[in-house]
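# Per-entry structural report
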Amino acid sequence: MDAQTKVSRAITQLAFKKETCFYGSILLSVGVRRNDSIDTMCTDGTCVEWSWDFTDSLTPDEVKGVLLHEAMHIVYKHMLRTGSRNHTLWNIATDYVINQHVLKMDLPLPDGGLINPIFGGMNAEKVYEQLLDNAIEVMPQWGTFSPPASGDMKQVEASIDQKIAVAAAAARSRGHLPDEVKSLIDRM
């Protein structure tokens, strides 16, 4: 199975599986496109981009895991919450948090994913503080996020909020809104 087929099938399977339909809806609502100038997968909150070589090297389930990972970056608006933090360290902190959620959904992640049970139950801000305070050594990882290219953060945030509301309605109609998203929806 080639990389494009893996991506297409992964998005469809995430959208139709009860436990992941919320995130599948998010992926369906943003552009998911090939970009061979990147090394792995990434998002800026408006789209998800993937590299052929990286994606082709993954199993179909790992592709689902990484796409779920990227969708979580969008849902939690990590690219909009960087503030004055070190971007690389913030990305690492957010990866530690969301990778725990991906694994709880029984999806594998490729080698190089940041996983450490000491960060279980922490939010990204707390993990970031721990990384700063303890100078915890981290290895390079796959997947990143970057600030939206458009530069209009309020417009990007409003667009993400709208996508979250639509995905939440779809997930509720299927009888499953993920626990980790319920409090986010309540705050919105």
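Look up: the structure comes first, before these words.
Residues numbered from 1 in each chain as written. Predicted model: local features only at pLDDT ≥ 70, side-chain atom pairs only at ≥ 80, totals over all residues. Heavy atoms only, no water.

Tracing the sequence through the fold places Ile74 in helix α4 (residues 60–75). Exposure remark for Ile74: the relative accessible area of 1% places this residue in the buried category. Separated by 28 residues in the primary sequence, Ile74 and Thr46 have C-alpha atoms spaced 7.9 Å apart. (Helix = DSSP H or I, 4+ residues; strand = E, 2+ residues; numbered from the N terminus. Buried < 20%, exposed > 50% of the residue type's maximum accessible area, 1.4 Å probe, protein only.)

Looking now at the environment of Gly120. Examined against the element boundaries, Gly120 turns out to sit in the loop between α5 (87–104) and α6 (124–134). According to the relative accessible area criterion, Gly120 is partly exposed, its value standing at 43%. In sequence terms Gly120 and His101 are 19 residues apart; their C-alpha atoms lie 9.3 Å from each other.

Further remarks concern the environment of Met153. Summarising the element assignment, Met153 is placed in helix α7 (residues 153–173). Residue class for Met153 comes out partly exposed when judged on its relative accessible area of 35%. For Met153 and Gly45, which are 108 residues apart along the polypeptide, the C-alpha to C-alpha distance reads 9.9 Å.

With that out of the way, let us pick up the nonpolar core. Counting 40 residues, the largest nonpolar core has Phe22, Tyr23, Ile26, Leu67 and Met72 as its most contacted members. Elements represented by at least two residues in this core include exactly α1 (3–16), α2 (21–29), β3 (47–50), α4, α5, α7 and α8 (179–187). Among the elements that take part in this core, α4 stands out by supplying 8 residues, more than any other. Discounting residues that sit within four places of it in the chain, Tyr23 has contacts with Leu68, Ala71, Met72, Val75, Tyr76, Met105, Pro178, Glu180 and Val181. Leu89, Trp90, Tyr96 and Val127 belong to the second-largest nonpolar core, a separate cluster that totals 12 residues. (Core = buried A, V, L, I, M, F, W, Y, C linked by side-chain atoms within 4.5 Å. Contact = heavy atoms within 4.5 Å.)

Further remarks concern the packing of α5 against α6. At their nearest, the axes of α5 and α6 sit 8 Å apart, and the two run at 125 degrees to each other. One way to sum up the angle between α5 and α6 is to call them oblique. Seen from above, α5 lies across α6 with right-handed handedness. Packed against α5, whose contacting residues are Leu89, Trp90, Ile92, Ala93, Thr94, Tyr96 and Val97, the element α6 presents Ala124, Glu125, Val127, Tyr128, Leu131 and Leu132 at the interface. Of the residues that constitute the contact of α5 with α6, the class distribution is 11 nonpolar, 1 polar and 1 charged. (Axes fitted to C-alpha atoms, helices over the stretch in contact; angles between N-to-C directions. Parallel < 35°, antiparallel > 145°, perpendicular 65-115°, else oblique. Left-handed = near helix turned anticlockwise from the far one by under 90°. Nonpolar A, V, L, I, M, F, W, Y, C, P; charged D, E, K, R; others polar.)

Turning our attention to the pattern of salt bridges. Across all of its chains, the model carries 6 salt bridges by this definition. Between Asp36 and Arg34 there is a salt bridge, with its nearest N and O atoms 2.6 Å apart. A single network of salt bridges, built from pairs that share partners, joins Lys77, Glu157 and Asp161. (Salt bridge = Lys/Arg side-chain N within 4 Å of Asp/Glu carboxyl O.)

Under the defined criterion, the tally for this structure stands at 4 aromatic pairs. For the pair Tyr96 and Phe119, a centre-to-centre distance of 4.6 Å together with 50 degrees between the ring planes defines the contact as tilted. In this pair, Tyr96 sits in helix α5 while Phe119 sits in the loop between α5 and α6, placing the two residues 23 residues apart along the sequence. Comparing Tyr96 with Phe119 shows no difference in burial state: the two are buried. Between the NZ or CZ atom of Arg85 and the centre of the ring of Trp90, over which it lies, the distance is 4.1 Å. (Phe/Tyr/Trp six-rings, centres within 6.5 Å; stacked < 30°, edge-to-face > 60°. Lys NZ or Arg CZ within 6 Å of the ring centre and 35° of its normal.)

Positive phi values are uncommon outside glycine, yet Lys77 reaches one of about 55 degrees. Positionally, Lys77 belongs in the loop between α4 and α5. Judged by relative accessible area, which is 10%, Lys77 ranks as buried. The phi angle at Asp106 is positive, at roughly 60 degrees, despite the residue not being glycine. Turning to its location among the elements, Asp106 is positioned in the loop between α5 and α6. The exposure class assigned to Asp106 is exposed, which follows from its relative accessible area of 69%.

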